[in-house]
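# A closer look at the structure
Each chain, letter by letter, is given below.
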Amino acid sequence: PLTLTGEERRPVPADLLTFSPQVRRKVGVDLSPLDLSEESLRLLKAFVWAGHEDRLARLDQAFAALRGDPPELVQGNYVELLPELLAGRDPEVVTVVFASATLAYLSDDDVSGVRSSLEASGRSGNLVFVSTGKGRTGERHWGLRIVYYPDAEREFAGEADFHGAWLDWWLSSRP
């Protein structure tokens, strides 16, 4: 129900797009999580700039997709909750932790706390941390970084427009 479109300046490899992971659990953590009500959708739409009908349409699609398969939502500080959420995970199953632009808003101590939690849980392997932040070639877009545990191998996956107008993929493929 959600289709992301945009210019692929350097495309995502076709073989990577054929990979279909089995998602066992989705958990979202936020200090004030929104539910999937019409009221929450209207609130989010109020933050979209005037004239950006494409973004409003994507928001509608995203809500429809989430309503069909909603994540578990946890209210709280993810820096504090991450160790608990990662505790007891099956090291035979790949766990992906995704942080979208949030690290930039944390204190140095909190960023260290996130990294420590990931490193501790990642020692058993099969943990991947995906985050967005400052791009490499400019400040008017996002960079996408991936860290693979247990070795904390880091990759810079690419850059994208803040609102999805374009993507410049840097990696070959790695399911």
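Now for a description of the structure that goes with this document.

Thresholds applied
- Residues numbered from 1 in each chain as written.
- Predicted model: local features only at pLDDT ≥ 70, side-chain atom pairs only at ≥ 80, totals over all residues.
- Heavy atoms only, no water.
- Helix = DSSP H or I, 4+ residues; strand = E, 2+ residues; numbered from the N terminus.
- Rg over C-alpha atoms; globule rule 2.2 N^0.38 Å.
- Buried < 20%, exposed > 50% of the residue type's maximum accessible area, 1.4 Å probe, protein only.
- Contact = heavy atoms within 4.5 Å.
- Areas by Shrake-Rupley, 256 points an atom, 1.4 Å probe, with all protein chains shown as cover.
- Lys, Arg positive; Asp, Glu negative; His and termini not counted.
- Charge placed at Lys NZ, Arg CZ, Asp CG, Glu CD.
- Pairing = 2+ DSSP bridges.
- Axes fitted to C-alpha atoms, helices over the stretch in contact; angles between N-to-C directions.
- Core = buried A, V, L, I, M, F, W, Y, C linked by side-chain atoms within 4.5 Å.
- Phe/Tyr/Trp six-rings, centres within 6.5 Å; stacked < 30°, edge-to-face > 60°.
- Lys NZ or Arg CZ within 6 Å of the ring centre and 35° of its normal.
- 1 Å grid on protein atoms, 1.4 Å probe; cavity = no way out; pocket = protein on both sides within 12 Å on 5 of 7 lines; lining within 4 Å.
- Points joined across faces, edges and corners; volume = space filled by probe spheres on them.
- Nonpolar A, V, L, I, M, F, W, Y, C, P; charged D, E, K, R; others polar.
- Patch = residues over 30% accessible without salt bridge, like charges linked within 9 Å, V, L, I, M, F, W, Y side chains within 5 Å.
- Salt bridge = Lys/Arg side-chain N within 4 Å of Asp/Glu carboxyl O.

With that settled, the discussion passes to the overall build of the protein chain. When its secondary structure is counted, the protein chain shows five helices and eight strands. Taken over C-alpha atoms, the radius of gyration comes to 17 Å for the protein chain, in line with the 16 Å a tight globule of 175 residues would show. Reported as C-alpha extents along the three principal axes, the dimensions of the protein chain are approximately 45 × 35 × 35 Å. Sorting the 175 residues of the protein chain into buried and exposed places 30% on the buried side. Counting only contacts in the protein chain whose residues sit at least 6 apart along the sequence, the fraction spanning at least 24 positions is 56%. By element, 53% of the accessible surface of the protein chain is carried by carbon and sulfur atoms, the whole surface being about 11600 Å². Taking the average location of the 19 positive side-chain charges in the protein chain and that of its 27 negative ones, the two points are 2 Å from each other.

Before going further, it helps to examine the sheet that holds strand S6 (residues 141-149). Remark on secondary structure: sheet strands pair via backbone hydrogen bonds, oriented parallel or antiparallel. Within the open sheet, the six strands sit side by side as S1-S8-S7-S6-S5-S4. Their pairing is mixed. Each end of this open sheet is capped by a strand with a single partner; those strands are strand S1 (7-10) and strand S4 (95-99). For this sheet, the mean inter-axis angle between neighbouring strands, taken without regard to orientation, is 20 degrees. The pairing of strand S7 (residues 153-161) with strand S8 (residues 166-169) spans three bridges and is antiparallel. In the sheet register, Ala160 faces S8, and the bridge partner there is Leu167. Its contacts with the sheet put helix H5 (residues 108-122) on S4, strand S5 (127-134) and S6, and the angle it makes with S5 is roughly 155 degrees.

In this section: the nonpolar core. With 12 residues, the main nonpolar core is built from Val79, Leu82, Leu86, Val97, Ala99, Leu103, Val114, Leu118, Leu127, Phe129, Val147 and Tyr149. Those elements that place two or more of their residues in this core are helix H4 (78-86), S4, H5, S5 and S6. Beyond its immediate chain neighbours, meaning those up to four positions away, Leu127 contacts Leu86, Arg89, Thr95, Val97, Leu118, Ser121, Gly122, Val147, Tyr148 and Tyr149. Membership of the second largest hydrophobic core comes to nine residues, among which are Leu16, Ile146, Tyr148 and Trp169.

Another point: the packing of aromatic side chains. Applying the stated criterion across every chain yields a total of two aromatic pairs. Ring centres of Trp142 and Phe162 lie 5.0 Å apart, and the angle between their planes is 80 degrees; this geometry places the pair in the edge-to-face category. With Trp142 in strand S6 and Phe162 in the loop between S7 and S8, the pair connects residues that are 20 residues apart, well separated along the chain. Across the ring face of Trp166, the terminal group of Arg9 is positioned such that the distance to the ring centre comes to 3.9 Å. Over the aromatic face of Trp49 sits the side chain of Arg55, whose NZ or CZ is 5.4 Å from the ring centroid.

The next subject is the environment of Arg42. Inspection of the secondary structure assignment puts Arg42 in helix H2 (residues 38-45). On the basis of relative accessible area, Arg42 is assigned to the exposed category, the value being 53%. C-alpha of Arg42 to C-alpha of Leu59: the two residues are 17 residues apart in sequence and 9.9 Å apart in space.

Let's shift gears to the layout of surface pockets. What the second largest pocket holds in volume is close to 430 Å³. If you trace the second largest pocket, you find 21 residues lining it, with Leu103, Arg115, Ser131, Thr132 and Arg145 closest to the centre. The residue makeup of the lining of the second largest pocket, split by class, is 12 nonpolar, three polar and six charged.

Together, Leu34, Leu43 and Phe47 line one region of the surface with nonpolar side chains, adding up to about 290 Å² of accessible area. With respect to the secondary-structure elements, Leu34 resides in the loop between strand S2 (27-30) and H2.

For Ala101, which is not a glycine, the phi torsion comes out positive at approximately 60 degrees. Within the secondary structure, Ala101 sits in the loop between S4 and H5. Located in the positive-phi region is Asn126, a residue other than glycine, with phi close to 55 degrees. Along the chain, Asn126 falls in the loop between H5 and S5. Of the residues examined, Asn126 reaches a relative accessible area of 32% and is grouped as partly exposed.

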